[in-house]
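Working through the structure, step by step
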Amino acid sequence: MSTGNYQEINSTIFSNLQNKAIDMGLQQTYLPESHQLEFSENNDWLLKVSLPWSMEFSRTAGLLKREDYHLALVMIRAGIACTGHFHNGEMVNHKVFRAYMVRQKQGKSQIKYLKTKGKSRAGSRIRLGESEQFFVDINERLQSYSDQYPITHWGISCSKTLWPYFLEQTLLLHLKKSRKI
């Protein structure tokens, strides 16, 4: 099994597999919170199938392709992030953001370093300033996606230490925008 090579399952192959599982006596349950189909026997799940977000599941019709599907993704790590907008599976727009946030020799981001040491040195002030601008730029790009397209799903990958900074800039951007209206 090779990882990283995403391939969407053919709907006829999927329906054949689904029918075989049901013929074997397995009970099918749709899990809306994780967008999965679960096949179980005696209340113990045996198989879970993650459905693509570009597809909808209907009990009567099975898998249906969503019409006019918009997906926005953001992936954030200390010092680097990327955003992307996809329409019906095709990438329409993307952007990579870089910032000098990581301490050169220790390899630790300035945000994590704040918990152990002070913020009075010139290098740390530069890294903190770039960190703030980094999150502002990311949120402005995501806001432009939201303004231009009817986003169906958002995909966000961000470590828990960076969440407060990401969400703070999101909140500030929304407050600024509401005052202009």
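Structure report, in brief.

**Overview of a nonpolar patch on the surface**
- A contiguous nonpolar surface patch, about 260 Å² in accessible area, is contributed by Ile9, Ile13 and Leu17.
- Tracing the backbone shows isoleucine 13 in helix H1 (residues 11-23).
- Residue isoleucine 13 is classed as partly exposed on the basis of its relative accessible area of 45%.

**Details of the sheet that holds strand S3 (residues 44-50)**
- The 3 strands are arranged S1-S2-S3 in an open sheet whose pairing can be described as antiparallel. Each edge of the sheet is formed by a strand with only one pairing partner; in this case those strands are strand S1 (27-31) and S3. Each adjacent strand pair in this sheet contributes to an overall mean axis angle of 25°, direction not counted.
- Pairing analysis gives 5 bridges linking S1 to strand S2 (residues 36-41), with the strands arranged antiparallel. Paired with glutamine 28 across the two strands is phenylalanine 39, which belongs to S2.
- On top of the sheet, H1 reaches S1, S2 and S3; it is set at about 25° to S2, its chief contact.

**Some details on the environment of phenylalanine 134**
- Relative to the helices and strands, phenylalanine 134 is located in helix H3 (residues 122-148).
- For phenylalanine 134, a relative accessible area of 3% puts it in the buried group.
- Put simply, phenylalanine 134 and tyrosine 165 are 31 residues apart on the chain and 9.9 Å apart in space, counted from C-alpha to C-alpha.

**Brief notes about the pairing of S2**
- Extensive coverage of S2 is indicated by the burial of 5 of its 6 residues.
- Linkage of S1 to S2, two consecutive antiparallel strands, is achieved through a turn of 4 residues, within which histidine 35 is found at a positive phi near 55°.
- Here S2 pairs with S3 via 6 bridges, running antiparallel. When the bridges of S3 are listed, serine 40 appears paired with tryptophan 45.
- A loop of 2 residues connects S2 with S3, the two strands running antiparallel in sequence, and asparagine 42 in this loop sits at a positive phi of about 55°.

Parameters and conventions
- Residues numbered from 1 in each chain as written.
- Predicted model: local features only at pLDDT ≥ 70, side-chain atom pairs only at ≥ 80, totals over all residues.
- Heavy atoms only, no water.
- Patch = residues over 30% accessible without salt bridge, like charges linked within 9 Å, V, L, I, M, F, W, Y side chains within 5 Å.
- Areas by Shrake-Rupley, 256 points an atom, 1.4 Å probe, with all protein chains shown as cover.
- Salt bridge = Lys/Arg side-chain N within 4 Å of Asp/Glu carboxyl O.
- Helix = DSSP H or I, 4+ residues; strand = E, 2+ residues; numbered from the N terminus.
- Buried < 20%, exposed > 50% of the residue type's maximum accessible area, 1.4 Å probe, protein only.
- Pairing = 2+ DSSP bridges.
- Axes fitted to C-alpha atoms, helices over the stretch in contact; angles between N-to-C directions.
- Contact = heavy atoms within 4.5 Å.

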